[in-house]
Amino acid sequence: MAIPVLFSAPAASWESYAPFLKDLFAKAGLDVNLVQSTDNPDEVKYIIYAPNGPVQDFAPFKNVKLIQSLWAGVETALQNKTLTQPLARMVDPGMSEGMADYVLGHVMRHHLGIALHASVQPGEWRNDTAAPLARNRTVGFLGIGALGMYCAHAVAKQGFNVLGWSRNLKSDDIVDCHAGPDGFAQVLGQSDILVLLLPDTADTENLINAETIAQMKDGAAIINPGRGPLIDDDALLAAMDSGKLSGATLDVFRTEPLPANNPYWTHPKVLVTPHIASETRLETSAAVVVENIERGEAGKPFLHLVDREAGY
Ligand code: NDP
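Predicted, not measured: the structure shown is a model, and the values here were computed from it.

1. So, the pattern of salt bridges
Close approach of charged atoms allows side chains with opposite charge to pair. Applying the stated criterion across every chain yields a total of nine salt bridges. Residues Lys 244 and Asp 218 are paired through a salt bridge, measuring 2.7 Å at the closest nitrogen-oxygen approach. With a gap of 26 residues between them, Lys 244 in the loop between helix H8 (233-241) and strand S11 (245-250) and Asp 218 in the loop between helix H7 (210-214) and strand S10 (220-224) connect regions that are remote in the sequence. Given a relative accessible area of 17%, Lys 244 falls into the buried group. Between Asp 233 and Arg 254 there is a salt bridge, and its shortest N-O distance comes to 3.5 Å. Of the two residues, Asp 233 sits in helix H8 while Arg 254 sits in the loop between S11 and strand S12 (270-272), which places them 21 residues apart along the sequence. Under the relative-accessibility criterion, Arg 254 is labelled partly exposed at 39%. Residues joined in a network through salt bridges with shared partners are Glu 205, Asp 233 and Arg 254.

Okay, structure coming up:
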């Protein structure tokens, strides 16, 4: 019998994913019945999932071996109390590449002081602002998971010193890795540019607050493509107003779309981007979906399973 796989993501995604997935399933030698809806939920073995897809009640899917998300962030999925089946988040090489472009671009923007030159008045000849060499600047990454580590390597390749911080201590040839409260203090205290690529969990909320900003270098900048709740917004605005921090690039917010009256929009030291740092890419993510289903059928452990206890 063909393997029953339900695709529960918005209709537009079905149009693009279905032919790709069918082709990859065939190439992997998997006989899959890929459907957009079903009257027999207890027959479904795998669900390809986006939190904004049609299925919101997962209770009837009693025999599902894996729910494979197309999204990297899992906080919305974890809020769905009917979704109790094993859940894999998306770790997509294409998404990592896109995130590295975004992070490197904004690291360079802060490094080169581009905002200053973009804001000078005609005739204002500010030639005292040449940037130091990249190797004399330090970029810290809070979060060196799939995305953070990839971006850290891209930034290191440009010549910067790169520090990383994670929950479990890692070891890497390029990134100087830290963990725990002492490691956090070191990364905060040494970084000229701090990149946030942490998930939104109970432990990471408001990690960037008045107290932790005070531990940062004077004139440091923050880039946040992680999640809005990582930052205490009032504390960040106050730190930019006081001159403690030189600027911020913010891609994610507590409320999205960011309301028109939010002070970030007009703050001279802030660049707002509308949650576009990176996204799941069709070709590379379809391959990840197929690989995980292939593993399930071969009795191998699934990749990228979410740890519900840790919240990511
Ligand atoms: P991963 O789960 O691979 O990495 C998360 C990293 O955060 C890991 O290094 C993890 O530590 C660390 N971490 C988690 N909790 C803590 C903690 N309490 N203290 C210290 N470190 C912690 O996720 P990804 O790299 O794939 O994605 C990161 C985030 O990026 C996503 O959760 C999502 O919010 C965001 N994102 C944003 C996008 C955008 O367009 N703006 C697009 C895609 C994702 P450890 O390694 O020890 O587990």
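2. Overview of the sheet that holds strand S3 (residues 46-49)
Strand order in the open sheet formed by five strands is S2-S1-S3-S4-S5, and the pairing between neighbours is parallel. Bordering the open sheet on either side are strand S2 (32-35) and strand S5 (87-88), each of which pairs with just one other strand. In terms of strand pairing, strand S4 (residues 66-69) meets S5 through two bridges, oriented parallel. When the sheet's bridge partners are listed, Ile 67 is paired in S5 with Leu 87. Most of the contacts of helix H1 (residues 11-27) go to S2, to which it runs at about 180°, and overall it touches strand S1 (3-8), S2 and S3. Set on the sheet, helix H9 (residues 282-298) makes contact with S1, S3, S4 and S5; between it and S3 the angle comes to about 165°.

3. Looking at the site of the ligand
Residues in close proximity to the ligand total 29 residues, the closest being Arg 89, Ala 146, Leu 147, Asn 168 and Tyr 312. One of the backbone N or O atoms of Arg 167 is found 3.0 Å from a nitrogen atom in the ligand. In this structure, an oxygen atom belonging to the ligand sits 2.5 Å away from a side-chain N or O atom of Tyr 312. About the coverage of the ligand: the protein hides 93% of its 940 Å² of free accessible area. Secondary structure elements with two or more residues in the shell around the ligand: helix H3 (93-112), helix H5 (146-157) and strand S7 (161-166). The greatest single-element share of the shell around the ligand, amounting to three residues, is contributed by H5. In terms of residue class, the shell around the ligand is made up of 14 nonpolar, nine polar and six charged.

4. Observations regarding the sheet that holds S7
Think of a sheet as strands paired side by side through backbone hydrogen bonds, with each pair either parallel or antiparallel. Ordered by their spatial adjacency, seven strands build an open sheet running S8-S7-S6-S9-S10-S11-S12, and the pairing between neighbours is parallel. Each edge of the open sheet carries a strand with a single partner, namely strand S8 (176-179) and S12. Here the average twist between neighbouring strands, direction ignored, is 15°. Relative to strand S9 (residues 193-196), strand S6 (residues 138-142) runs parallel, the two sharing four bridges. Its bridge partner being in S9, Gly 140 is matched across the sheet by Leu 194.

5. Remarks on the nonpolar core
Within the largest apolar cluster, 30 residues are counted, with the highest numbers of intra-cluster contacts made by Leu 142, Leu 194, Ile 222, Ile 231, Leu 236, Leu 245 and Tyr 264. Sort the elements by how many residues they give to this core and H8 lands first, with five residues. Not counting chain neighbours up to four residues away, the residues in contact with Ile 222 comprise His 110, Leu 194, Leu 196, Ile 208, Met 216, Ile 231, Leu 236, Leu 245, Gly 247, Ala 248 and Thr 249.

6. Examining the domain arrangement of the chain
Taken domain by domain, the chain comprises domain 1 (3-92 + 280-298) and domain 2 (93-272). Tallying the contact residues gives 10 residues for domain 1 and eight residues for domain 2. With both sides pooled, the region where domain 1 packs onto domain 2 buries about 750 Å², and carbon together with sulfur makes up 59% of that total. A per-residue breakdown of the area domain 1 buries against domain 2 is headed by Glu 75, Asp 92 and Arg 281, which together make up 55% of the total. At the boundary of domain 1 with domain 2, the tally comes to one salt bridge. Here Arg 227 ties to Glu 75 by a salt bridge, and the two come within 2.5 Å at their closest N and O atoms. Counting every contact that joins domain 1 to domain 2 gives five residue pairs in polar contact (both at pLDDT 80 or more). The residue makeup of the side of domain 1 that touches domain 2, split by class, is three nonpolar, three polar and four charged.

So, how was this worked out
- Residues numbered from 1 in each chain as written.
- Predicted model: local features only at pLDDT ≥ 70, side-chain atom pairs only at ≥ 80, totals over all residues.
- Heavy atoms only, no water.
- Salt bridge = Lys/Arg side-chain N within 4 Å of Asp/Glu carboxyl O.
- Helix = DSSP H or I, 4+ residues; strand = E, 2+ residues; numbered from the N terminus.
- Buried < 20%, exposed > 50% of the residue type's maximum accessible area, 1.4 Å probe, protein only.
- Pairing = 2+ DSSP bridges.
- Contact = heavy atoms within 4.5 Å.
- Axes fitted to C-alpha atoms, helices over the stretch in contact; angles between N-to-C directions.
- Near = heavy atom within 4 Å.
- Polar contact = N/O pair within 3.5 Å; in protein donor to acceptor, adjacent residues only side chain to side chain.
- Areas by Shrake-Rupley, 256 points an atom, 1.4 Å probe, with all protein chains shown as cover.
- Nonpolar A, V, L, I, M, F, W, Y, C, P; charged D, E, K, R; others polar.
- Core = buried A, V, L, I, M, F, W, Y, C linked by side-chain atoms within 4.5 Å.
- Domains from an automatic or database assignment.
- Buried area = accessible area lost by both parts, 1.4 Å probe.

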